[in-house]
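Here is what each chain is made of, one letter per residue.
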Amino acid sequence: MNICQHCKKNPATVNYVEIINGEKFESHLCKSCHASLYGELHSKTNSDVWAGLFGISDAEIKVCPVCGTTYADYERTGLLGCASCYDVFKDELLIAIKRIQGEVRHVGKVGTNKDEFGLHRRLKTLQEELEVALREKRFSDAGILHKRIKEITNTLFGAEGGDND
């Protein structure tokens, strides 16, 4: 006779066996533990009880409250169910991203401000700053910004592309 897996005291009177993806999961509970857990078998808040019984990790039993996707679903398919899943599974996803990419911080494909795209981006920013400086009558700042704009313009377009004041 089996002992209750929950309280580990009373004889198990309710035996539950389920086979999922070829793996057999068994649960042996006494009458009182079964009664206290039965109504909450599928409850998201008490799934940790079943995790302890079956040896399932917390990551596998986390469930997105919006779409119902579990982390096990993500691991099986590689797809999350909705935008809320990113918040629910954040800790697990960060571990997976770090394992795959080596970093969890997005670096992107944009290089430094020394490549052409970066120089164009910097030029646009400086032009916007120059407009603000002129509007606010900060002429010394505007002069410095104009000089930087001229340097970048010369780098990008050569001396003939920039203005030669």
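Notes on the structure follow.

What counts and what doesn't
- In this numbering scheme, every chain counts its residues from 1 along its sequence in written order.
- Thresholds applied to this predicted model are a pLDDT of at least 70 for local features of residues and 80 or more for the giving and counting of side-chain atom pairs; totals over whole chains, interfaces and linings are not thresholded and use all residues.
- Each side-chain value is derived from all of the structure's non-hydrogen atoms; neither hydrogens nor water enter the calculation.
- Take a side-chain nitrogen of Lys or Arg and a carboxyl oxygen of Asp or Glu: if they are within 4 Å of each other, that pair is a salt bridge.
- Note on exposure labels: buried denotes an accessible area under 20% of the residue type's maximum, exposed denotes more than 50%, and partly exposed covers the range between, all computed with a 1.4 Å probe on protein chains only.
- Strands are runs of DSSP state E lasting at least 2 residues, helices are runs of H or I lasting at least 4, and numbering of each runs from the N terminus.
- One less than the number of residues in a helix, times 1.5 Å, gives the span that helix is expected to have.
- The directions from the helix axis to the C-beta atoms are what the arc is built from.
- Definition of nonpolar core: a set of buried residues of the types Ala, Val, Leu, Ile, Met, Phe, Trp, Tyr and Cys, connected through side-chain atoms within 4.5 Å.
- As a rule, the C-alpha atoms of each element are fitted with a line to give its axis, helices using only the stretch in contact, and angles between N-to-C directions run from 0 to 180 degrees.
- Here is the rule for angles: anything less than 35 degrees is roughly parallel, anything more than 145 is roughly antiparallel, 65 through 115 is roughly perpendicular, and the remaining ranges are oblique.
- Handedness of a helix crossing follows the sense of rotation of the near helix relative to the far helix, less than a right angle counterclockwise being left-handed and clockwise being right-handed.
- Residue contacts are counted whenever heavy atoms from the two residues lie within 4.5 Å of one another.
- Polar here means any residue outside two lists: the nonpolar Ala, Val, Leu, Ile, Met, Phe, Trp, Tyr, Cys and Pro, and the charged Asp, Glu, Lys and Arg; Gly therefore counts as polar.

Remarks on the pattern of salt bridges
Tallied over the entire structure, the rule returns four salt bridges. The partner of Arg 138 in a salt bridge is Glu 136, with the nearest N and O atoms 2.8 Å apart. One salt bridge in this structure joins Arg 138 and Asp 141, with 2.7 Å as the shortest N-O distance. Looking at Arg 138, the relative accessible area reads 32%, which means it is partly exposed.

So, helix α6 (residues 90–101)
For α6, spanning 12 residues, the distance from its first C-alpha to its last is 16 Å, which sits close to the expected 16 Å at 1.5 Å a residue. Three or more residues of α6 are buried, namely Glu 92, Leu 93 and Ala 96. Taken around the axis of α6, the buried residues stretch over an arc of 95 degrees, which confines them to a single face. Seen from the open side of α6, the exposed residues pointing more than 90 degrees away from its buried face are Asp 91, Ile 95, Lys 98 and Gln 101. Of the residues trailing α6, Gly 102 is marked for its positive phi of about 85 degrees.

Describing the nonpolar core
Leu 119, Leu 123, Leu 126, Leu 130, Ala 133, Ala 142, Leu 145, Ile 149, Ile 152 and Leu 156 together form the largest nonpolar core, which totals 10 residues. Looking at this core, the elements that each hand over two or more residues are α7 (116–135) and α8 (139–157).

With respect to the packing of α7 against α8
α8 packs onto α7 with a crossing angle of 155 degrees between their chain directions and a minimal axis gap of 9 Å. In terms of orientation, α7 lies roughly antiparallel with respect to α8. Where α7 crosses over α8, the handedness of that crossing is left-handed. On the side of α7, the interface is formed by Glu 116, Leu 119, His 120, Arg 122, Leu 123, Leu 126, Gln 127, Glu 129, Leu 130, Ala 133 and Leu 134, while α8 contributes Phe 139, Asp 141, Ala 142, Leu 145, His 146, Arg 148, Ile 149, Ile 152, Thr 153, Thr 155, Leu 156 and Phe 157. When grouped by side-chain class, the residues that make up the contact of α7 with α8 number 13 nonpolar, five polar and five charged.

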